[in-house]
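# Coordinate analysis (summary)
Chain residues, written in single-letter form:
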Amino acid sequence: MKNSIVRDKSYMFALEVISVYKIVVHNHKDYVLSKQLLRSGTAIGALIREADQAQSKADFINKMSIALKEANETEYWLLLLRDSELIDEDIFTHNHKKCDEIIRLLVSIVKTSKENLKK
């Protein structure tokens, strides 16, 4: 169940990241920072989808752990875009909240999966 929730949320978040990317490119002609956000923000869902077809529990944990790393990186790019005034506070707050929610879900999934692997 959690996996389905995180898969759906990460897909919706990827769509939002694409929108932020378009806004930053259109308004500020920034291609470097916004491209980093686009790459990491869309990679989260792709890795979660890969984890759905993992070959083993260890492979699943590995892919979900990488998705977590990408989510943390995405949070960094959101902070940097906000602090460099390339996105406004409303865009930041909305997307940061979604990113934080995904991070929390992934932390829980990875932690539980590791505990279950030891059993």
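All values reported here derive from a predicted model rather than from experimental measurement. (Residues numbered from 1 in each chain as written. Predicted model: local features only at pLDDT ≥ 70, side-chain atom pairs only at ≥ 80, totals over all residues. Heavy atoms only, no water.)

## What to know about the overall build of the protein
Put simply, the rule reads: Helix and strand definitions here come from DSSP, where helices need a minimum of 4 consecutive H or I residues and strands a minimum of 2 consecutive E residues; each element is numbered from the N-terminal end. The globule rule used here is 2.2 Å times the number of residues to the 0.38 power, and the radius of gyration it is set against is calculated over C-alpha atoms. Only protein chains enter the accessibility calculation, which uses a 1.4 Å probe. A residue is then buried if its area is under 20% of the maximum for its type, exposed if over 50%, and partly exposed in between. Contacts are assigned to residue pairs with any non-hydrogen atoms lying within 4.5 Å of each other. The Shrake-Rupley method, run with a 1.4 Å probe sphere, supplies the accessible areas, and residue values consider only the shown protein chains as cover. We score Asp and Glu as negative and Lys and Arg as positive, and we do not count His or the chain ends. Lysine's charge is taken at NZ, arginine's at CZ, aspartate's at CG and glutamate's at CD.
Tallying secondary structure elements over the protein gives four helices and zero strands in all. Going from N to C terminus, the protein has its helices and strands arranged as α-α-α-α. Here the protein has a C-alpha radius of gyration of 15 Å; the compact-globule value for 119 residues is 14 Å, and the two agree. Its C-alpha atoms give the protein principal-axis dimensions of about 50 × 20 × 20 Å. For the protein, buried positions account for 42% of its 119 residues. Contacts spanning at least 24 positions in sequence make up 74% of the contacts within the protein whose residues lie at least 6 apart. About 7,100 Å² of surface is accessible on the protein, with carbon and sulfur atoms providing 55% of the total. Distance from the positive charge centre (19 side chains) to the negative charge centre (17 side chains) of the protein: 8 Å.

## Topic: the confidence of the model for the protein
Formally: Residue-level confidence of the predictor is summarised by pLDDT, bounded by 0 at the bottom and 100 at the top.
Residues at a pLDDT of 70 or more form 97% of the protein, whose mean pLDDT is 95. The least confident element of the protein is helix 1 (residues 2–28), whose mean pLDDT is 93; the most confident is helix 3 (residues 57–83), at 98.

## As for the nonpolar core
Put simply, the rule is: Here the nonpolar core consists of buried residues drawn from Ala, Val, Leu, Ile, Met, Phe, Trp, Tyr and Cys, with membership extended through side-chain atoms lying within 4.5 Å.
Formed by 34 residues in total, the largest nonpolar core has its most connected members in Val-6, Met-64, Ile-87 and Leu-106. Those elements that place two or more of their residues in this core are helix 1, helix 2 (32–52), helix 3 and helix 4 (89–118). Apart from the residues within four sequence positions on either side, Leu-106 is in contact with Val-6, Ile-44, Ile-48, Met-64, Ala-67, Leu-68 and Ala-71.

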